[in-house]
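Report on the structure
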Amino acid sequence: MLKSKIIICMASLTMAGTTLAVNPFFETYKTPHQTIPFNEIKTEHYMPAFEEAMKQHDKEIDAIVNNPKAPNFENTIVALDNSGEMLTKVASVFYNLLSAETNDDLQAIAQELSPKMSEHSNAIRLNEKLFARVKAVYDQKDKLKLNPEQQTLLKDTYDGFADNGANLSDADKTVYRELSKELDMLTLTYGQNVLKETNKYQLLITNKDLLKGLPADLTDMLAENAKKAGKEGWLINLKTTSYVPVMKYADNRDLRRELYMANASKCMVGGEYDNREILRKIANTRLKIANLLGHKSYADYVLVHRMAENKKNVYDLLNKLLAAYKPEAEKEYAEVQAYADKNGAYFKVQPWDWSYYSEKLKAEKYDLNDEMTKPYFELEKVRKGIFDLAGRLYGIKFKENTDIQVYNPEVKAYDVTDENGKYLAVYYADNHPRDGKRAGAWMNDMKGQWMEGKKDSRPHIVNVTNFTRPTSTKPALLTFDEVTTMLHEFGHGLHGMLTKCQYKSLSGTSVYRDFVELPSQIMENWAVEKEFLDNFAVNYQTGEKIPAELIKKIKDSENFNAGNLCLRQLSFGLLDLKWHTLETPFEGDVVSFEKEAMNATQILPVIENTAMSPTFSHIFSGGYAAGYYSYKWAEVLDADAYSVFQKNGIFDNKTAASFRKNILEKGGTEHPMVLYKRFRGQEPTIDALLKRNGIK
Ligand SMILES: [Zn+2]
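The structure displayed is predicted, hence computed values, not measured ones. (Residues numbered from 1 in each chain as written. Predicted model: local features only at pLDDT ≥ 70, side-chain atom pairs only at ≥ 80, totals over all residues. Heavy atoms only, no water.)

Within the chain, the regular secondary structure consists of 28 helices and nine strands. By the compact-globule yardstick of 26 Å for 696 residues, the chain fits well, its C-alpha radius of gyration being 26 Å. Counting all 696 residues of the chain, 56% fall into the buried class. Across the chain, every contact between residues at least 6 apart in sequence was considered, and the portion connecting residues at least 24 apart equals 73%. Across the chain, the centroid of the 91 positively charged side chains sits 3 Å from that of the 96 negatively charged ones. (Helix = DSSP H or I, 4+ residues; strand = E, 2+ residues; numbered from the N terminus. Rg over C-alpha atoms; globule rule 2.2 N^0.38 Å. Buried < 20%, exposed > 50% of the residue type's maximum accessible area, 1.4 Å probe, protein only. Contact = heavy atoms within 4.5 Å. Lys, Arg positive; Asp, Glu negative; His and termini not counted. Charge placed at Lys NZ, Arg CZ, Asp CG, Glu CD.)

See the structure below:
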């Protein structure tokens with residue numbers, strides 16, 4: 001059946017004049033561990049593969065629906081979980097590259113694909129006969145003798161339909177379909193606008209005096225930026241590797257102000273990439289969807305499937321943290337202002353001064369800056385240190401495998417084996433910024449994990465970051481923040497690699513959003529442990545071990561401006577909640593709406609004509625709508641969980657084994673609070689976090 005389709009598909013393309021050989025998506029991959037054959041995949045392969053994959057998926061669904069046997073767990077719930085294999089195969093390649101290695105062609109495909117994909121998944125979600133079978137199984141759930149993982153799969157499957165309109169009338173189903181299609185287009189456009197506006201901005205400096213204060217390797221990098229663009233001088237852009245350090249070190253206040261304003265007013269000053277109208281539409285469309293499904297607001301709709309459960313619990317946590325951290329944040333601001341005054345600033349410290357004076361005060365207080373630590377954090381050494389940590393905790397090993405194909409020559413691929421030397425996973429690392437890679441850092445899977453009968457089909461995981469690139473004179477040297485980010489993403493990676501579940505939709509990081517950051521954030525705790533750093537942090541030139549005194553300084557300085565950092569996260573969390581607890585459509589001014597949301601958390605002066613909402617991709621184009629609070633929620637969890645390692649020893653095998661067995665292997669197979677309590681023996685409290693931040 002499938003074969004004849006492929007032939008038809010190829011014939012029509014050949015007639016159109018395309019010299020298209022075999023489409024690799026239609027073949028079984030003959031690569032190591034059946035990894036993606038990136039070298040063979042061409043842009044023109046995607047659309048035919050997506051179309052064929054959707055057709056195949058539809059057929060699989062038809063087979064479930066038309067099964068003459070009465071619906072049961074295997075022939076309906078499990079069959080559904082197994083369906084769409086080819087679609088997942090194509091989509092995982094496409095969407096990974098759309099984030100990490102995009103270009104105009106891929107973006108055009110994404111635009112074309114977006115409505116088709118929505119329509120496809122909605123057709124399944126709104127398939128009445130299919131839902132009737134799912135419901136029939138769900139209704140007899142108490143009699144089925146299912147294990148906890150099976151119970152979760154059944155409940156998630158049922159809720160997946162109900163939350164997506166399966167119980168709606170025919171007329172409302174049509175409305176729902178239109179709204180979700182519109183929402184997908186809006187969020188995609190929003191995200192693309194942010195990327196395009198960020199890439200558009202370039203500030204060419206031709207007078208080196210303006211760059212006073214910048215460390216040498218930063219000016220080197222800016223000079224290389226200019227050279228690459230065929231220009232002379234120093235080119236500053238708004239990518240984090242350029243923007244963040246320039247704001248920290250540039251003595252020239254006008255330059256800082258110019259950059260700050262360019263960054264903080266992105267996508268909101270008119271022009272083709274303005275996101276204000278789009279984000280209003282996103283918020284209002286989400287409200288309409290929530291209302292249609294019987295919820296007062298989008299947050300009400302989302303939080304049912306979160307560890308937090310409802311908005312009251314979220315506000316409680318954010319407000320508790322706000323009360324605890326605000327006095328600290330005010331003290332910190334006064335301290336930075338006093339420092340600036342002492343150093344001849346005759347002005348109130350503004351947002352574009354904050355990072356600059358904070359960095360200098362921090363240097364004076366702790367005699368520590370990024371330049372002092374960077375020589376000890378050569379990327380490859382840090383990577384080895386992190387691999388070794390995973391080895392000590394979980395017994396797993398990493399070995400580079402150059403036979404595995406990668407999507408860019410900079411990407412590295414590793415075979416991962418478990419404590420018995422058995423194949424466990426494939427791990428890809430993609431570390432440096434490029435045009436076409438979106439900002440930030442993330443983990444994703446190229447292939448998930450599930451059981452195929454008795455065979456465990458293992459996952460392929462990728463970590464993508466935007467770390468300082470090597471220059472012609474130096475290897476890639478990471479800032480301490482980048483080391484922390486690497487540990488963080490690797491923690492998500494472990495969640496993906498160590499997973500051991502039966503069903504693909506529950507495995508790995510398929511957990512509630514306010515739980516997903518626990519495995520990642522807990523890893524950050526090791527970054528300040530001397531026993532950990534001693535194993536790999538040596539000066540890249542002299543080979544000298546990182547001095548104990550320097551580690552102590554890093555640790556002491558960890559809580560510098562902790563109050564402000566916390567308030568910043570709270571402000572984002574509160575802004576997100578304000579957009580998503582709307583109970584009537586919003587037509588007003590985005591900027592004043594935002595100021596109101598952030599008011600309680602505001603320590604620095606409020607700047608006219610700036611706003612976060614137009615570039616807040618997490619909530620308007622990522623998956624964090626009504627979920628930004630999760631970072632804080634998970635921080636409470638990670639501090640609480642790490643306190644067990646602190647008590648038993650930071651390399652303690654037993655504690656690690658328990659964390660692996662109860663959290664990392666379990667994916668979303670049971671409610672996170674159940675899993676957590678099994679590891680911890682009790683519910684989490686905020687005490688460990690306050691203690692770690694020196695608040696209590
Ligand atoms: Zn994360």
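From this point, the narrative continues.
Before going further, it helps to examine the packing of helix α3 (residues 73-82) against helix α7 (residues 148-162). Their axes nearest at 11 Å, the elements α3 and α7 cross at an angle of 70°. As judged from the angle between their axes, α3 and α7 are roughly perpendicular. For the pair formed by α3 and α7, the contact residues are Phe-73, Ile-77, Leu-80 and Asp-81 on the first element and Gln-150, Leu-153, Leu-154, Thr-157 and Phe-161 on the second. Residues of the contact of α3 with α7, tallied by class, amount to six nonpolar, two polar and one charged. (Axes fitted to C-alpha atoms, helices over the stretch in contact; angles between N-to-C directions. Parallel < 35°, antiparallel > 145°, perpendicular 65-115°, else oblique. Nonpolar A, V, L, I, M, F, W, Y, C, P; charged D, E, K, R; others polar.)

This brings us to helix α12 (residues 276-292). For α12, built from 17 residues, the straight-helix expectation of 24 Å at 1.5 Å per residue is met to within 8% by its first-to-last C-alpha distance of 24 Å. Looking at α12, one finds that the buried residues are Ile-278, Leu-279, Arg-280, Ile-282, Ala-283, Asn-284, Thr-285, Arg-286, Leu-287, Ile-289 and Ala-290. Contacts from the buried residues of α12 go to α8 (170-200), α13 (298-303), α22 (562-580), α23 (590-598) and α24 (617-620). (Expected span 1.5 Å × (residues − 1).)

Next up on the list: the nonpolar core. Core analysis: the largest hydrophobic core is formed by 138 residues, its most contacted members being Phe-377, Phe-398, Tyr-427, Phe-490, Trp-526 and Trp-579. When residues in this core are grouped by element, the largest group, 11 residues, is from helix α14 (residues 311-342). Residues in contact with Tyr-427, not counting those within four places in the same chain, are Phe-387, Phe-398, Lys-412, Ala-413, Tyr-414, Val-416, Ile-461, Asn-463, Phe-490 and Met-497. Counting 36 residues, the second-largest nonpolar core is a separate cluster that includes Met-86, Leu-97, Ala-100 and Ala-110. (Core = buried A, V, L, I, M, F, W, Y, C linked by side-chain atoms within 4.5 Å.)

Moving on, we come to the coordination of the zinc ion. Surrounding the zinc ion are the protein donor atoms His-488 (NE2), His-492 (NE2) and Glu-517 (OE), which sit 2.1 Å from the metal. Each donor residue of the zinc ion belongs to the same chain, with the gaps between them written as H-x3-H-x24-E. Of the two residues, His-488 is situated in helix α18 (residues 480-497) and Glu-517 in the loop between α18 and α19 (518-524); the sequence distance between them amounts to 29 residues. We note that His-488, like Glu-517, is buried. (Donors = N, O, S within 2.8 Å, 3.2 Å for Na, K, Ca; no water.)

Looking at where Val-411 falls in the secondary structure, it is placed in the loop between β3 (397-400) and β4 (412-417). On the basis of relative accessible area, Val-411 is assigned to the buried category, the value being 5%. A sequence separation of 136 residues divides Val-411 from Pro-547, and the C-alpha atoms of the two residues are 32 Å apart. Setting aside its immediate chain neighbours within four residues, Val-411 contacts Val-406, Tyr-428, Ala-429 and Asp-430.

Most of helix α10 (residues 240-249) is tucked away: eight of the 10 residues are buried. The complete set of buried residues in α10 reads Thr-241, Ser-242, Tyr-243, Pro-245, Val-246, Met-247, Lys-248 and Tyr-249. Next to the buried residues of α10 lie α9 (216-228), β2 (234-237), α11 (253-264), α15 (351-366) and α16 (370-373).

Bringing the sheet that holds strand β9 (residues 460-464) into the picture now. Read across the open sheet, the five strands follow the order β3-β4-β5-β9-β6; overall the sheet is mixed. Of all the strands in the sheet, the pair left with one neighbour each is β3 and β6 (442-447). In this sheet, adjacent strand axes meet at a mean angle of 30° when their direction is disregarded. Here helix α4 (residues 85-100) sits on the sheet in contact with β5 (423-430), β6 and β9, set at roughly 155° to β6. In the packing of α18 onto the sheet, the strands contacted are β3, β4, β5, β6 and β9, and the crossing angle to β9 comes to about 170°. (Pairing = 2+ DSSP bridges.)

Counted by the stated rule, this structure contains one cavity of 30 Å³ or more. Estimated volume of the largest cavity: approximately 40 Å³. Lining the largest cavity, in full, are Tyr-427, Asn-431, Asn-463, Thr-465, Met-486, Glu-489 and Phe-490. Here the element with the most residues in the lining of the largest cavity is α18; it accounts for three residues. Along the lines of polarity and charge, the residues of the lining of the largest cavity split into three nonpolar, three polar and one charged. (1 Å grid on protein atoms, 1.4 Å probe; cavity = no way out; pocket = protein on both sides within 12 Å on 5 of 7 lines; lining within 4 Å. Points joined across faces, edges and corners; volume = space filled by probe spheres on them.)

Mapping Glu-332 onto the fold places it in helix α14. No salt bridge is formed by the buried Glu-332; its nearest oppositely charged neighbour, Lys-365, is found at 8.0 Å. Ignoring anything within four residues of it in the chain, the contact list for Glu-332 reads Trp-354, Asn-561, Ala-562, Gly-563 and Asn-564. (Salt bridge = Lys/Arg side-chain N within 4 Å of Asp/Glu carboxyl O.)

Relative to each other, helix α6 (residues 128-139) and α7 sit at 140°, their axes nearing to 10 Å. The angle between α6 and α7 falls in the class oblique. Regarding α6 and α7, the two cross each other, and that crossing is left-handed. Judged by residue contacts, Leu-130, Phe-131, Val-134, Lys-135, Val-137 and Tyr-138 of α6 engage Leu-154, Lys-155, Thr-157, Tyr-158 and Phe-161 from α7. (Left-handed = near helix turned anticlockwise from the far one by under 90°.)

The subject of this paragraph is the side chain of Ser-571. Position of Ser-571 among the secondary structure elements: in helix α22. Once you skip the residues sitting within four places of it in the chain, Ser-571 turns out to touch Met-598 and Thr-601.

So, about the layout of surface pockets. One number sums up the size of the second largest pocket: a volume of about 510 Å³. Around the second largest pocket, the lining is made up of 20 residues, and of these Asn-225, Lys-228, Asn-237, Lys-239 and Asp-435 lie nearest the centre. Of all the elements in the fold, those that place two or more residues in the lining of the second largest pocket are α8, α9, β2 and α10. Looking at the lining of the second largest pocket, the element that brings in the most residues is α9, giving four residues.

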